[in-house]
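What follows is the residue order along each chain.
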Amino acid sequence: MIGPPGSGKSKVGRILAAGLGVTVRDTDADIEESAGKPVSEIFVDDGEPRFRELEREAVLAALAEHDGVLSLGGGAVMSPATQEALEKYTAGGGHVVFLDVPLSIAAQRVGMNQARPLLLGNPRAQWQRLMTERRPTYERLATLTIVSSERPGERVAAEIIEALALAEEVPDLVDPKKNEESTT
């Protein structure tokens with residue numbers, strides 16, 4: 001899955017993977033694990049170029065190793081190596097879902113989140129600038145575009161399953177993270 005910050009890639013990815021009975025992988029989490037620190041600290045300590053290098057490596061490794069649902073960081077698609085890898089992936093029958101989201105919804109989800117270093121300052125203006133830059137790439141690489149808007153993640157995941165005909169029947173989808181929270 002690809003899309004901007006606040007589109008719901010992580011949440012919908014978890015739900016989609018649970019519904020399909022596969023694993024989910026998030027390249028931002030892979031980067032944090034390999035670097036031993038949060039994305040925001042990588043930006044501050046090592047700079048954006050180093051983060052983008054780690055991101056490219058994480059995406060290429062995940063595409064080669066992972067056979068479940070994969071959520072890419074919002075800017076990952078801007079790397080020519082990542083674009084080429086995603087094009088090969090779709091040429092081989094894989095699906096790339098672009099989770100699109102209106103600015104008004106993304107702004108509510110992202111807010112003043114310090115973990116999103118590219119949105120510091122004026123998050124709405126920064127998000128809009130990123131989308132103007134990235135939208136053509138998201139659209140070109142996607143085999144399916146879904147607007148995530150205000151609908152629950154479960155509904156978005158069900159729409160993906162239906163659109164891609166990934167199951168004969170759409171399973172009852174539940175966010176596994178909600179189940180974890182209710183049992184603790």
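Residues numbered from 1 in each chain as written. Predicted model: local features only at pLDDT ≥ 70, side-chain atom pairs only at ≥ 80, totals over all residues. Heavy atoms only, no water.

Caption draft 1: Structural context of the overall build of the protein chain. For the protein chain, the helix and strand inventory stands at 9 helices and 4 strands. Helices and strands in the protein chain line up, N terminus first, as α-β-α-α-α-β-α-β-α-α-β-α-α. Looking at the 184 residues of the protein chain, the share that counts as buried comes to 42%. Within the structure as shown, the protein chain displays about 9,300 Å² of accessible surface, and the carbon and sulfur contribution to it stands at 50%. (Helix = DSSP H or I, 4+ residues; strand = E, 2+ residues; numbered from the N terminus. Buried < 20%, exposed > 50% of the residue type's maximum accessible area, 1.4 Å probe, protein only. Areas by Shrake-Rupley, 256 points an atom, 1.4 Å probe, with all protein chains shown as cover.)

Caption draft 2: Broad picture of the packing of aromatic side chains. With the rule as written, the count across this model stands at 2 aromatic pairs. Taken together, a centroid distance of 4.8 Å and an interplanar angle of 40° make the contact between Phe43 and Phe51 tilted. We classify Phe51 as buried; its relative accessible area is 3%. (Phe/Tyr/Trp six-rings, centres within 6.5 Å; stacked < 30°, edge-to-face > 60°.)

Caption draft 3: Fine view of the nonpolar core. Counting residues in hydrophobic clusters, the biggest one holds 18 residues, and the most contacted among them are Ile2, Leu72, Val77, Leu86, Phe98 and Tyr138. Elements supplying a minimum of two residues to this core: helix 4 (48–65), helix 6 (103–110) and helix 7 (123–141). Take this core: its biggest share by element is 4 residues, from helix 7. Not counting chain neighbours up to four residues away, the residues in contact with Tyr138 comprise Ile2, Gly3, Pro4, Gly74, Val77, Phe98 and Met131. The next biggest cluster of nonpolar side chains, apart from the first, holds 17 residues, and it includes Val12, Leu16, Leu99 and Ala158. (Core = buried A, V, L, I, M, F, W, Y, C linked by side-chain atoms within 4.5 Å. Contact = heavy atoms within 4.5 Å.)

Caption draft 4: The packing of helix 4 against helix 5 (residues 80–91), seen in detail. For the pair helix 4 and helix 5, interaxial distance at closest approach is 10 Å and the crossing angle is 15°. Overall, the two elements helix 4 and helix 5 adopt an arrangement that is roughly parallel. The handedness of the crossing between helix 4 and helix 5 is left-handed. Counting all contacts with helix 4, which are made through Arg56, Val59, Leu60 and Leu63, the residues of helix 5 involved are Ala81, Thr82, Ala85, Leu86 and Tyr89. Its residues placed into classes, the contact of helix 4 with helix 5 shows 7 nonpolar, 1 polar and 1 charged. (Axes fitted to C-alpha atoms, helices over the stretch in contact; angles between N-to-C directions. Parallel < 35°, antiparallel > 145°, perpendicular 65-115°, else oblique. Left-handed = near helix turned anticlockwise from the far one by under 90°. Nonpolar A, V, L, I, M, F, W, Y, C, P; charged D, E, K, R; others polar.)

Caption draft 5: Highlighting the side chain of Ser148. Its place among the elements puts Ser148 in the loop between strand 4 (144–147) and helix 8 (153–163). Only 2.8 Å separates the side chain of Ser148 from the backbone oxygen of Ser7, close enough to count as a polar contact. (Polar contact = N/O pair within 3.5 Å; in protein donor to acceptor, adjacent residues only side chain to side chain.)

Caption draft 6: Region of the structure containing the pattern of salt bridges. Counting across every chain of the model gives 14 salt bridges. For Glu87, the salt bridge is made with Arg140, and the minimal N-O distance between the two is 2.5 Å. Of this pair, Glu87 sits in helix 5 while Arg140 sits in helix 7; the two residues are 53 residues apart in sequence, bridging distant segments of the chain. Through salt bridges with shared partners, a single ionic network connects Arg25, Asp30 and Glu65. (Salt bridge = Lys/Arg side-chain N within 4 Å of Asp/Glu carboxyl O.)

Caption draft 7: Spotlight on the packing of helix 1 (residues 9–20) against helix 8. Here helix 1 crosses helix 8 at 55°, and the two axes come no closer than 9 Å. On the basis of the axis angle, helix 1 is oblique to helix 8. Read as a crossing pair, helix 1 and helix 8 show a hand that is right-handed. For the pair helix 1 and helix 8, contact is made by Lys11, Val12, Ile15, Leu16 and Leu20 and by Gly153, Glu154, Val156, Ala157, Ile160 and Ile161, respectively. In terms of residue class, the contact of helix 1 with helix 8 is built from 8 nonpolar, 1 polar and 2 charged.

Caption draft 8: Structural context of the environment of Leu16. Relative to the elements of secondary structure, Leu16 occurs in helix 1. Taking the C-alpha atoms as reference, Leu16 lies 8.9 Å from Val174; in sequence the two are 158 residues apart. When sequence neighbours within four positions are dropped, the list of residues in contact with Leu16 reads Val69, Ala157, Ile160 and Ile161.

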